[in-house]
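Residue-level structure breakdown
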Amino acid sequence: MSINISLPDGSIKTYAKAVTALEVATEISPRLADAAICAEVNGKLVDLDHLIEADSKLVLHTFKTEPGQEVYWHSTAHLMAQAVKQLYPEVKVTIGPAIEFGFYYDFDRDTPFTDDELIKIEDRMKELIKANHSYSRRELSKAEAMDIFAKMNESYKLEILAEIPDTDVISTYTQGDFIDLCRGPHISSTGKIKAVKLLKTSGAYWRGDEKNKMLHRIYGISFPSNKELTEYLAFLEEAKNRDHRKLARDLDLFSINDEVGPGLVLWHPNGAMIRHLIEAYWKEEHLRKGYKLVYTPHVGRSKLWETSGHLGFYKENMYAPMEIEEQDYYIKPMNCPFHIAIYKANHHSYRELPIRLAELGTVYRYERSGVLHGLMRVRGFTQDDAHIICTPEQMDTEVDKLITFSLDMLKHFGFKEFMIYLSTRPEGSVGEAEDWDAATESLRRSLEKQGLDYKVDEGGGAFYGPKIDIKIKDALGRAWQCTTIQFDFNLPARFNMEYIGADNTPHRPYMIHRAVLGSVERFFATLLEYHSGNLPLWLCPTQVMVIPITDNQLEYANKLVEKLQLLGLRTEIDTRGEKIGYKIRDAELKKIPFMCVVGKNEEANNFVTLRQHTIGDLGSMDFDDAVKTIRSHQ
RNA sequence: GCCGAUGUAGCUCAAUGGUAGAGCAAUUGAUUUGUAAUCAAUAGGUUGGGGGUUCAAUUCCCUUCAUCGGCUCCA
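So, here is what we can say about the structure in this document. Predicted model, so just to flag it, every value in this text is computed and none were measured. (Residues numbered from 1 in each chain as written. Chains lettered and ligands numbered in written order. Predicted model: local features only at pLDDT ≥ 70, side-chain atom pairs only at ≥ 80, totals over all residues. Heavy atoms only, no water.)

**Some thoughts on the overall build of chain A**
Assigned secondary structure in chain A consists of 20 helices and 35 strands. Each principal axis of the C-alpha atoms in chain A carries an extent, and together these give about 85 × 75 × 55 Å. For chain A, buried positions account for 49% of its 634 residues. Carbon and sulfur atoms make up 50% of the accessible area of chain A, which amounts to about 31,000 Å² in all. (Helix = DSSP H or I, 4+ residues; strand = E, 2+ residues; numbered from the N terminus. Buried < 20%, exposed > 50% of the residue type's maximum accessible area, 1.4 Å probe, protein only. Areas by Shrake-Rupley, 256 points an atom, 1.4 Å probe, with all protein chains shown as cover.)

Written as C-alpha cells, this is what we have:
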C-alpha cells in the first residue's frame, strides 16, 4: 500500500509508508524544511512532525502565509508565557493568541508589568530561544488535562477545560519546563524564533468582559529575521508620522480644546476648507444621483425618541435631556427620526418612490472617556447621512446604485483598496423573517453582480436589519470603516410609515439607512492618514504659494496671485523678508502642492518658475503652461 | 468606565526637594536674498486644576481634569 501526497503545484509524491510533513518538505528542499512553520493536511493545520498515514493534500506554510504567521506568533506567545512563569511563578496564565500583527498573552497577577520587567522577560525569552526547546504535542483525556492543570493551580485553564465537550480531543504543548493547554499547531522548536520584541502592556478583562477580573496583557511581535523586525519597527515609526493628530498640528487643521470639552472638534481655517470641499463635492454628487437635501434640528422632544425607540435601546449613548417649557428635549444621536418626520409630513404615492433624503447631519453621542481618539472617535460628529425609502420592487436597483455610488465616491478621494462585509441577522432582531431574507439576498445579489470580494459576518447585522459595510485600507494596512448600508425594519413600523400603492391601499415602504463617508470627522482623519497629509490638489486649502525672491518682485508676484485666484486656484503669497530657501522649506513643510518662484528673470520674461511639492524644481515657463501643469494634477 | 503611562512656553523636549531652561515658532531690527532653516535682540510660565507634607515642591503624597496605549479576535 502506498500513500499519495498531492502538493499545491499539482504534483503528487508517493510514499511506501507514513511520512511526516517535515520529511516531505525536506525532500522538496532543505530550505523549505527550514522555513516551514506548520503544515496543512486536507485543510487542517497540523504540526510539522504530524504523521501522514493516508492519501492527502499537503500545504506547507512558511512565515510568508497567514496561517504560518499565526502559528509562528502563537508559538512566540507560548514562549513568552514560559519566560513569565519562570521569572514570576506566582502568575497565572490565561490565553495568548496571535493577532493581526504579533501576539499577546494575558496574565493574572496583582500588579501590572513594568517596562523593566518587560526587558527581563524579553531577555529570558532570548535565552529560551538559544536553548532551542522543541514544542511537543500530547493528546489526552479531559480528566487527565484537568488533573494536570489543577496540580499547577492554573484556574483559568481549568475554566477553559470545563467548557470543552468531554468527547473532544484535548491537547497540550510542552516546551522545556512549560506546559500549556493548546489546540496547536506550533512551530517545531523555540530556536525557530529569530527576532522578538515585547511592545507594550495593558489591562484587559478576562474574556473581554468588564464584569470580570482585569488581567495584565503583554503585546509582542516576532520574526524569522532581525531585518524583518527592524522593518516592522520602522513601519510603526512611519505610522506615527502619519497619525492624523500629528498632521493636524503640523498643518493647523483642527484642535480639541480642554475647556471646550473632550471629543468636541474645533475646525481651524485650513481644516475647515478641506471639510468644506469634501462636503461641497458630496452635496453635488448626491444631487446628481437623485437625492434631496434636507436640514433638521439638533434637538427633539422626548416623544420623538420614545417613538423611535432610542430612549429604550440607545439611551446610554444619549446625553441627558434639557427641559424647555416643562418638556424634555434630547440632543440628537441620530438623524433618522427627523428624516422620517419629513417623509411623514406628506402623503406619498408609490409613484414618488424612491425618495432619497440626504443630510450632513451633526449628531452627539456619549462615548466613554477611554475610547476617544482624535477625529476617529469623538462625541460630536457629522454623518453623511441619507435615508432611502422605496418599494420592495425597487430595493434591488437601489442597493445596486448605492454600492456603485459609495465605491465611486471613495475612489474619487484616492482610495483604492476596500474590504467589504455583509452582516446578516443577529439573535434578538426585530422585523419579519421574509423581509430579512429579501433584504439580505438583495445585498448579496448586488455584491455578486458587481463581482466584489466580500466577507459574510454571520449574525453581525444590527437588530433592525442586515447591512453592508465598506472599510478602507490605508497604506499601512489598517482598516477603517466608512460606508455602511443598512436596512431598517424597525423605524418604518414604529413610525407607521406608509405609501399608497397602485391598489390604492397603504403599504409599508422599505427604508435603507446609509452613510458613504461614515462621518465627516472619521473620513477626514482617514483621508489625511491615507495620503500622509499630501492631499489631492482639489482638496488642498492652499494649492499654490507664490514666492517672490526679493521685494522688487512684489508687484509682479501680487499680479500673479490675482491671476491665479481668478482662475479658481487657491493661492497665497509669502512676502516675508526671508531667503528663498527658507520660504520654500516652509511651503514644503506645509505640503503645499505648487510653488511659484518669481525673481527678476521671471519678471523680465513674464515667466514663472514652478516647483512641485516633494518633486522639486519644474523649471521656468510662461503663465499658461504653469496653469496647465498645475491643473494636470487636478 | 477599567488598567497603565503621560501632562513644564504656541510646538518638541531639559531641569529629582533649593531663583524653571534650550531649539523651533512669535515680535522687533538688520539683511533683499535663486530652490528645504541669514544674523541679532526681545518677549513668552501660578510647571493641567485643587489640596496636603516641608523652612522650601515642577520634583514627594492625595484628589480631579485631560491626553496617549490597551480592554472582540475561543486553549
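Moving on from the coordinates now.
**Structural notes on the protein's contact with RNA strand B**
Residues in contact with RNA strand B amount to 53 residues; listed here are only the nearest, Leu181, Ser202, Ser369, Arg585 and Glu602. Here RNA strand B approaches the protein such that, of its atoms within 4 Å, sugar and phosphate make up 54%. Contact distances for RNA strand B include 2.8 Å between a base nitrogen and a side-chain N or O atom of Tyr205. Looking at the surface near RNA strand B, the elements with two or more residues in it are α6 (155–163), β14 (195–205), β15 (214–223), α8 (244–251), α18 (580–589), α19 (600–605) and β34 (607–612). When residues in the surface near RNA strand B are grouped by element, the largest group, 7 residues, is from α18. Class assignment for the residues of the surface near RNA strand B results in 21 nonpolar, 14 polar and 18 charged. (Near = heavy atom within 4 Å. Polar contact = N/O pair within 3.5 Å; in protein donor to acceptor, adjacent residues only side chain to side chain. Nonpolar A, V, L, I, M, F, W, Y, C, P; charged D, E, K, R; others polar.)

**Observations concerning the nonpolar core**
Ranked by size, the top nonpolar core spans 61 residues in total, and within it Phe413, Ile468, Phe487, Leu517, Phe523 and Leu539 carry the most contacts. With 8 residues, the top contributor of residues to this core is helix α13 (residues 395–412). The contact partners of Leu539, leaving out residues within four places of it in the chain, are Ile274, Leu277, Ile278, Phe413, Leu527 and Arg570. Counting residues in hydrophobic clusters, the runner-up holds 38 residues, among them Val93, Ile121, Phe178 and Leu198. (Core = buried A, V, L, I, M, F, W, Y, C linked by side-chain atoms within 4.5 Å. Contact = heavy atoms within 4.5 Å.)

**As for the sheet that holds strand β31 (residues 544–548)**
Spatial ordering of the open sheet is given by β32-β31-β33-β34-β35, a layout of 5 strands whose pairing is mixed. If you trace the sheet from one side to the other, it starts and ends with β32 (571–573) and β35 (616–622), each paired once. Taken over all neighbouring pairs, the strand axes of this sheet differ in orientation by 25 degrees on average, direction set aside. Taken together, the 3 bridges between β31 and β32 define a ladder with parallel strand orientation. From the neighbouring strand, Met545 faces β32, where its bridge partner is Glu572. (Pairing = 2+ DSSP bridges. Axes fitted to C-alpha atoms, helices over the stretch in contact; angles between N-to-C directions.)

So, to be careful, I would describe these as geometric facts and stop short of saying anything about function.
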